[in-house]
Amino acid sequence: MVLEQLIFNGIIAGGIYALVAIGFSMTYGLLRFLNIAHGSLYVIGAYIAYLSFSNGVPIVGAFIVAVIGASLIGAAMNYSVFKPLRDRKSSSLILLLASLGIFIFVENFIIGAFGAEVKTIRTGPITQGIDVLGAIITQTQVIIIAVAFVTLFLVEVFLTKTKLGKAMRATADNKDVAQVIGIDVERITTYTFMLGSALAASAGVLIAIEQNLEPTMGLNAIIKGFTAGVVGGLGSVRGAVAGAFILG
């Protein structure tokens, strides 16, 4: 029974880690730097959902608002901070330090706006878990697994079957060649930031529903997401997913 429980817990954790790791991997493959600010989108998503839910928005609506809001904030981060630095031909170290600055700013902004205490999103009464193959799993955990896997499937379809997804993969593989064949690299970079931010936000909301949320929760996301990316091979989306489940 212990083994079955650990396997289920690992699947849940792996699904959430994968959502964060994909964004890390895509950003690194495209721009060749560790975007620490990616962890701040994880926190932003959780707090947008908390704010929406606290104001009467159903949890599904709060999830959608959080994902859309975080994707727009990710695009704003790119245009306001990273694009000017890229235009100046800044090194990967400068981009890394800029992303660290964003992360610190967001964390302190959230502390100022919401306070440092732990917040909770309660979608209903606490219910007894159900027995699945010898493991106890709650209804909330079932939803988390389903949402994580559906999201990962949709991302896979988007990246492999759509014209925009293929352009994003081509740009990550070789920006120079992508430009030669007519791909707007700057536009693709923005879309990559938006997709990665949306995935990070969705992971943050799922964690907030399952556990709690606090301003410092982004650090754990950075560690787990980056580790999963390294295990699977930075720059590879499928590798990031595999690394996330291995880590989970």
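As a reminder, the structure under discussion sits directly above these lines.
As the structure is a prediction and not an experimental result, all values here were calculated from the model.

Criteria and cut-off values
- Within every chain, residues take consecutive numbers counted from 1 along the sequence as written.
- Local features are withheld for residues below a pLDDT of 70 in this predicted model, meaning they are given only at 70 or higher, and side-chain atom pairs are given and counted only at 80 or more; totals for whole chains, interfaces and linings count all residues.
- The side-chain numbers reported here are obtained from all heavy atoms of the structure, hydrogens and water having been left aside.
- Salt-bridge detection follows one rule: a side-chain nitrogen of Lys or Arg within 4 Å of a carboxyl oxygen of Asp or Glu.
- Note on conventions: DSSP H or I runs of at least 4 residues are helices, E runs of at least 2 residues are strands, and numbering of each starts at the N terminus.
- For each residue, the accessible area found with a 1.4 Å probe, counting protein chains only, is set against the maximum for its type, and the residue is called buried under 20%, exposed over 50%, and partly exposed in between.
- Pairing of aromatic side chains here covers Phe, Tyr and the six-membered ring of Trp, requires ring centres within 6.5 Å, and sorts the geometry by plane angle: under 30 degrees stacked, over 60 edge-to-face, intermediate tilted.
- Patches here: salt-bridge-free residues with over 30% relative accessible area, like charges joined within 9 Å, nonpolar side chains (Val, Leu, Ile, Met, Phe, Trp, Tyr) joined within 5 Å.
- Throughout, the Shrake-Rupley method with a 1.4 Å probe supplies accessible areas, and for residues the shown protein chains are the sole cover considered.
- Expected helix span is taken as 1.5 Å per residue step, with the number of steps being one fewer than the number of residues.
- By the convention used here, residues are in contact when the closest approach between their heavy atoms is within 4.5 Å.

1. A few points about the pattern of salt bridges
For step 1, the next point in the chain: All told, the structure shown has three salt bridges when counted by the stated rule.
For step 2, the next point in the chain: Where Lys83 meets Asp87, a salt bridge forms, and the shortest distance between an N and an O atom there is 3.2 Å. Of this pair, Lys83 and Asp87 both sit in helix α3 (residues 59-87), four residues apart, which is roughly one turn of the helix.
For step 3, the next point in the chain: Residue Arg86 is joined to Glu186 by a salt bridge in which the shortest nitrogen-to-oxygen separation is 2.3 Å. With Arg86 in helix α3 and Glu186 in helix α8 (residues 185-210), the pair connects residues that are 100 residues apart, well separated along the chain.
For step 4, the next point in the chain: For Glu186, a relative accessible area of 27% translates into the label partly exposed.

2. Details of the packing of aromatic side chains
For step 1, the next point in the chain: Summed over the entire model, instances satisfying the criterion amount to seven aromatic pairs.
For step 2, the next point in the chain: Ring geometry for Tyr50 against Phe114: centres 6.4 Å apart, planes inclined by 70°, an arrangement best described as edge-to-face. Taken together, the residues span a long stretch of sequence, with Tyr50 in helix α2 (residues 38-54) and Phe114 in helix α4 (residues 92-114) at a distance of 64 residues.
For step 3, the next point in the chain: Look at Phe82 and Phe193: their rings are 5.5 Å apart centre to centre, the planes differ by 25°, and that puts the pair in the stacked class. With Phe82 in helix α3 and Phe193 in helix α8, the pair connects residues that are 111 residues apart, well separated along the chain.
For step 4, the next point in the chain: Assessed through its relative accessible area of 1%, Phe82 is described here as buried.

3. Details of a nonpolar patch on the surface
For step 1, the next point in the chain: Taken together, the side chains of Leu93, Ile94, Leu97, Leu100 and Ile104 present a nonpolar region at the surface, about 430 Å² in accessible area.
For step 2, the next point in the chain: By secondary structure assignment, the location of Leu93 is in helix α4.
For step 3, the next point in the chain: Overall, Leu93 belongs to the exposed group, its relative accessible area being 53%.

4. Thoughts on helix α9 (residues 217-232)
For step 1, the next point in the chain: The terminal C-alpha atoms of α9 lie 23 Å apart, and with 16 residues this matches the ideal 22 Å at 1.5 Å per residue to within 8%.
For step 2, the next point in the chain: Where α9 ends, the next residue or the one after it, Gly233, has phi of about 105°, a positive value.

5. Concerning the side chain of Thr190
For step 1, the next point in the chain: Inspection of the secondary structure puts Thr190 in helix α8.
For step 2, the next point in the chain: Residue class for Thr190 comes out buried when judged on its relative accessible area of 7%.
For step 3, the next point in the chain: What Thr190 contacts, discounting residues up to four positions off in sequence, is Ala75, Asn78 and Tyr79.

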